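Observations on the model geometry
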Amino acid sequence: MFEIKNLVHRYGKRVVLKIDALAVKGGSILGFVGPNGSGKSTLLRILSLLEPFSEGELLYGGTSVKGRESSVRRDVTLLLQEPYLLRRSVYDNLRYGLALRGDPSLKSKEAVRTRIHESLEAVGLSPDRFARRAWFQLSGGEAQRVALATRLALRPRVLLLDEPTANVDELSAILVKQAALAAVREWGTTLVVSTHDLAWLYEVATDIVSLYGGHIVGRGPMNFLYEGSTATIFDPSDVFLSVAPPREPDDTVRILRGHVVQLILEGGSGDTLVIVDVAGGVIKSRISLDASREMGIYPGMPIWVAYPTAALTQIRMSD
């Protein structure tokens, strides 16, 4: 669906993104993870063609795009963390987007009405209750769901979500996530998500890209340990777990004691991600589902983590 080649993006003289290569497969669920300032939101704006990049090449469907090509913009839509609605009714917000796109399948007012009602129902909002409601009569969670409905009404080929559940209540967060996944199942929409809701993302994503300092530093969830402007990065597959104290540590292995916070079945691999709280920090370990069952791992369980120093990579934010 998308392919990036040697992309560089600057704000003034500061390089905020430097990505040599990245491919987004059609119909996939791709997650961007990383700390604040890693370039996730900027990359989403570039993929949505809302922000022209400085150097490199972006291909959509095999065709190079640089500016705001209208043919591509019809296929791609971005939902931001803060919902932006027009100062009009919910119904008119959805109708306006459909009118701009000029969907040829919507030739009658009844077809438009049906599409709008289906989109509101997809995000858990009753058309009878919400279609004629004014924009200022919505709660934060309702406004975010309406904003998503305006995008779902377009039947996008690519749906980009930037922290879609960061500022909403629990029910709205669940409904937003369910509606996005339904678009993938029903229409084959490609879903690209930047979120700190990592448990959900790890479960549903077919691929995860870890970003730091504008660079891709790994595929799949990575461990990040921070010290000033430097991050130490290592793969969860390199982290070993033990219910008993391992051998005495030396310069080649780091051993820490913690307790299990959460277990997540990783959608992309089928393995289990074990999230361990270690002295206030978090370390992830990837083990097989069978191994997690054999060890009897459960939330709250005391556990030891060990990882080889050879697996560690240090990256400076300015690199």
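Residues numbered from 1 in each chain as written. Predicted model: local features only at pLDDT ≥ 70, side-chain atom pairs only at ≥ 80, totals over all residues. Heavy atoms only, no water.

**Notes on the side chain of Ser-48**
- Within the secondary structure, Ser-48 is located in the loop between α1 (40-47) and β4 (55-60).
- Taking relative accessible area as the criterion, Ser-48 reaches 3% and is therefore assigned buried.
- With residues near it in sequence (within four places) discarded, Ser-48 still touches Arg-73, Val-76, Leu-78 and Leu-160. (Helix = DSSP H or I, 4+ residues; strand = E, 2+ residues; numbered from the N terminus. Buried < 20%, exposed > 50% of the residue type's maximum accessible area, 1.4 Å probe, protein only. Contact = heavy atoms within 4.5 Å.)

**With respect to the pattern of salt bridges**
- What the rule picks out here adds up to ten salt bridges.
- Each of Asp-235, Glu-266 and Arg-286 takes part in a single network of salt bridges with overlapping partners. (Salt bridge = Lys/Arg side-chain N within 4 Å of Asp/Glu carboxyl O.)

**Description of the pairing of strand β9 (residues 207-212)**
- Of all six residues that make up β9, five are buried, and the element is covered over most of its length.
- Pairing of β9 with strand β10 (residues 215-219), which is carried by four bridges, proceeds in the antiparallel orientation. Counted as the bridge partner of Tyr-212 is His-215 from β10.
- In textbook terms, the turn of a hairpin is the stretch between consecutive antiparallel strands, and for β9 and β10 this stretch comprises two residues, one of which, Gly-213, has a positive phi near 60°. (Pairing = 2+ DSSP bridges.)

**Considering the side chain of Ser-38**
- Along the chain, the position of Ser-38 falls in the loop between β3 (29-33) and α1.
- Within the structure, Ser-38 has its side chain in polar contact with the backbone oxygen of Pro-35 (distance 2.8 Å). (Polar contact = N/O pair within 3.5 Å; in protein donor to acceptor, adjacent residues only side chain to side chain.)

**So, the sheet that holds β3**
- If you walk across this open sheet you meet the six strands as β6-β7-β8-β3-β9-β10, and the pairing is mixed. Each edge of the open sheet carries a strand with a single partner, namely β6 (76-79) and β10. Here the strands of the sheet are splayed against their neighbours by 20° on average, with no regard to which way each runs.
- In the sheet, strand β7 (residues 158-162) pairs with strand β8 (residues 190-194) via five bridges, with the strands oriented parallel. The residue bridging Val-158 from the neighbouring strand is Thr-190, located in β8.
- Lying over the sheet, helix α7 (residues 170-187) contacts β3, β7 and β8, oriented at roughly 155° with respect to β8. (Axes fitted to C-alpha atoms, helices over the stretch in contact; angles between N-to-C directions.)

**A few points about the packing of helix α3 (residues 90-101) against helix α4 (residues 109-122)**
- Their axes nearest at 10 Å, the elements α3 and α4 cross at an angle of 115°. The interaxial crossing formed by α3 with α4 has right-handed handedness. From α3, Val-90, Tyr-91, Leu-94, Arg-95 and Leu-98 reach across to α4, where they touch Val-112, Arg-113, Arg-115, Ile-116, His-117, Ser-119 and Leu-120.
- Looking at the contact of α3 with α4 residue by residue, the class counts come to seven nonpolar, two polar and three charged. (Left-handed = near helix turned anticlockwise from the far one by under 90°. Nonpolar A, V, L, I, M, F, W, Y, C, P; charged D, E, K, R; others polar.)

**Looking at the packing of aromatic side chains**
- Tallied over the entire structure, the rule returns four aromatic pairs.
- Consider the rings of Phe-2 and Tyr-60, whose centres lie 5.3 Å apart with planes at 55°: the pair is tilted. Pair noted here: Phe-2 is in strand β1 (residues 2-11) and Tyr-60 is in strand β4, with a separation of 58 residues, a long-range link. Here Phe-2 and Tyr-60 have matching classes, each one buried.
- Ring geometry for Phe-234 and Tyr-307: centres 4.4 Å apart, planes at 20°, overall stacked. Here the residue Phe-234 occupies a position in strand β12 (residues 230-234), and Tyr-307 occupies one in strand β17 (residues 302-308), the gap between them amounting to 73 residues.
- Residue Phe-234 is classed as buried on the basis of its relative accessible area of 1%.
- Between the NZ or CZ atom of Arg-88 and the centre of the ring of Tyr-96, over which it lies, the distance is 5.1 Å.
- The side chain of Arg-133 reaches across the aromatic face of Phe-130, ending 4.2 Å from its centre. (Phe/Tyr/Trp six-rings, centres within 6.5 Å; stacked < 30°, edge-to-face > 60°. Lys NZ or Arg CZ within 6 Å of the ring centre and 35° of its normal.)

**Points about the packing of helix α6 (residues 140-152) against α7**
- Contact geometry of α6 with α7 gives a least axis separation of 9 Å together with a crossing angle of 10°. As the angle between them shows, α6 and α7 are arranged roughly parallel. Residues Gly-141, Glu-142, Gln-144, Arg-145, Leu-148 and Leu-152 of α6 touch α7, and the partners they reach there are Ser-172, Leu-175, Val-176, Ala-179, Ala-183 and Trp-187.
- Among the residues making up the contact of α6 with α7, the classes are represented as seven nonpolar, three polar and two charged. (Parallel < 35°, antiparallel > 145°, perpendicular 65-115°, else oblique.)

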